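Examining the three-dimensional arrangement
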Amino acid sequence: MSYDPDNIFAKILKGELPCHKVYEDEIALVMMDIFPQSRGHTLIIPKAASRNLLDADPAALAAVMPLVQRVARALKTATGADGLRLVQFNEAPAGQTVFHLHFHVIPIYDGVPLGAHAGSKADDAELAVLAKDIAAAL
Ligand code: AMP
């Protein structure tokens, strides 16, 4: 399978589509998942083009992981989550729906079941507040 440069995250990275941005640098874009599985579900999208983990440049992976950790820490502070799940899907049978590498950081709240993967759309105003709070905790 090859990389499709017109995938939705590539378009967001190019600024052709909007997002609730938390943070951006030369390595990655961090944004809110608009169909969150829990309050604060955040995506880290490396700028280096790859479909997923399988075809990623190891150097790009090494560059992005410290940011994944930073976002996880900020997310815990900003949301008060009891735990966090780090998730990354590879190919459609495994649940991947957008074919540009990304990492999900999903807050876990005691006693609250996770919503469905890519389930229902969150309120934009709420996502905007969360993006600001997480950015402030970075
Ligand atoms: P995956 O199954 O790992 O490819 O997950 C793709 C994720 O992107 C899902 O959790 C979707 O809810 C999320 N998603 C899809 N479109 C958008 C979008 N335009 N902005 C933010 N998140 C999105």
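Scroll up for the structure.
Described in the following lines is the structure provided in the data block. (Residues numbered from 1 in each chain as written. Predicted model: local features only at pLDDT ≥ 70, side-chain atom pairs only at ≥ 80, totals over all residues. Heavy atoms only, no water.)

1. Describing the site of the ligand
As a reminder, the rule being used: The nearness test applies per residue and asks whether one of its heavy atoms lies within 4 Å of the molecule or strand. Here a polar contact is taken to be a pair of N or O atoms separated by no more than 3.5 Å, where protein atoms must pair a possible hydrogen donor with a possible acceptor and residues adjacent in sequence count only if both atoms sit in side chains. Accessibility throughout is a Shrake-Rupley quantity obtained with a 1.4 Å probe, and a residue counts as covered only by protein chains that appear here. Secondary structure elements are taken from DSSP: a helix is a run of H or I of four residues or more, a strand is a run of E of two residues or more, and numbering for both begins at the N terminus.
Close to the ligand lie 18 residues, the nearest being Asp33, Thr97, His102, His104 and His117. The separation between an oxygen atom of the ligand and a polar side-chain atom of histidine 104 is 2.8 Å. The fraction of the free accessible surface of the ligand (510 Å²) that becomes covered by protein chains is 93%. Elements with a contribution of two residues or more to the shell around the ligand: helix H1 (8–13) and strand S2 (28–32).

2. Details of the side chain of arginine 51
Rules: We call two residues contacting when some pair of their heavy atoms lies within 4.5 Å.
Within the element layout of this structure, arginine 51 appears in the loop between strand S3 (42–46) and helix H2 (58–79). There is a polar contact of 2.7 Å between the side chain of arginine 51 and the side chain of glutamate 91. Residues in contact with arginine 51, not counting those within four places in the same chain, are Met1, Ser2, Tyr3, Glu91, Gln96, Phe99, His100 and Leu101.

3. Overview of the pairing of S2
As a reminder of what qualifies: A simple rule labels every residue: compare its accessible area, found with a 1.4 Å probe on the protein chains alone, to the largest value its type can have, and call it buried under 20%, exposed over 50%, or partly exposed in between. Any two strands with at least two DSSP-identified bridges between them are counted as paired.
Summarising burial for S2: five of the five residues are buried, a large majority. Burial of S2 is two-sided: the residues Ala28, Val30 and Met32 facing one way and the residues Leu29 and Met31 facing the other way are all buried. Bridge analysis of S2 against S3 gives five bridges, and the strand direction is antiparallel. Residue pairing for S3: methionine 31 is matched across the bridge by leucine 43.

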